[in-house]
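# Report on the structure
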Amino acid sequence: MKWISLSCLAIALLIAAAPLAADKDDKMPGLTVDKAKRTITLDCKVAPRKIDDPAFKDIYPIEVVACWPWRKDPPGGQKAHETIVTMDFAVKPSEIQKALEGLGLKPGMPVKGDGEPKGPEVKILLDFTDVNGQPKKIPVERTLVAKDNPKLKLPEFKWRFTGSALKAPDPEKPDVKVSGADISGTLISVFPVTDDTIFQTQMTMKEEKFLKLEANDKLLPKIGTPVKLIIEAPEK
């Protein structure tokens, strides 16, 4: 009887502890959610600015901040030729959206072309060791410079948690829709060149016409260097 009582007590303790486990941090390969700090940390790498493929003859201005890397088959990040960092294929952009929703944020609405993106404002930081070996944890936009005028002070970016537009990956099944960001592999965009993304800034296509952005190679480490992308959610 004493053994049965102890067993029942142990089971009761496990059941009681189960809800607490759900409140702990979530971890998966390449992605960590810290619920206490209200942060999402993503393992990334400094992206190449030139794609090693004849289809990409030029170096294109930066239009997004984070996406999947390029690969020819199967398709990789559609914006991999114009990003600062790339993330692992194992991490879907929609998982970042779900993680933020789990922190109590409600996605707004992305735009493509004209219009103003909607959604709660978040902070997006990049944590890395710079070219001089110094640790940096700075707003991700500070790793950008104007291509034609590197000394130009860029406007402060307001990152909106828009969530992604829904798209039908199979044209023969138009009613079956998924996160467009999971098709494009785009997580964060600077200009509204796509609504297949999870975050957008207040920047419009008007700015995109004259503000050509480039990665700051005097600050960022070499291509392929691991870095941490950190998304900070506001307090409830």
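Just so it is clear, the model here is predicted, and its values are computed rather than measured.

Looking at the protein, pLDDT values average 89 and 90% of them are 70 or higher. Taken together, the stretch residues 1-23 has pLDDT below 50 and engages in 2 contacts with residues farther than four places along the chain or on a different chain.

The tally for this structure, following the rule as stated, stands at 8 salt bridges. One salt bridge connects K79 with E63, and the closest N-O pair in it is separated by 3.9 Å. Of the two residues, K79 is situated in the loop between β4 (64-67) and β5 (85-87) and E63 in the loop between β3 (39-46) and β4; the sequence distance between them amounts to 16 residues. Each of the two residues, K79 as well as E63, counts as buried.

Along the polypeptide, G30 turns up in the loop between β1 (26-28) and β2 (31-34). Considered as a pair, G30 and K228 are 198 residues apart in the sequence and their alpha carbons are 9.6 Å apart. Among all residues touching G30, those that are not within four sequence positions of it are T41, L42, D43 and V91.

This part is about unusual backbone geometry. With phi around 60°, R38 is a residue other than glycine that occupies positive phi space. Its place among the elements puts R38 in the loop between β2 and β3. The buried category is assigned to R38, whose relative accessible area is 6%.

So, on to the environment of P110. By secondary structure assignment, the location of P110 is in the loop between α2 (93-102) and β6 (121-129). With relative accessibility at 14%, the residue P110 sits in the buried group. Measuring from C-alpha to C-alpha, the distance between P110 and R160 comes to 8.7 Å, with 50 residues separating the pair along the chain. When residues no more than four places from it in sequence are discounted, the contact partners of P110 are T162, G163, S164, A165, D195 and Q200.

Rules of the game
Residues numbered from 1 in each chain as written. Predicted model: local features only at pLDDT ≥ 70, side-chain atom pairs only at ≥ 80, totals over all residues. Heavy atoms only, no water. pLDDT = per-residue confidence, 0-100. Contact = heavy atoms within 4.5 Å. Salt bridge = Lys/Arg side-chain N within 4 Å of Asp/Glu carboxyl O. Helix = DSSP H or I, 4+ residues; strand = E, 2+ residues; numbered from the N terminus. Buried < 20%, exposed > 50% of the residue type's maximum accessible area, 1.4 Å probe, protein only.

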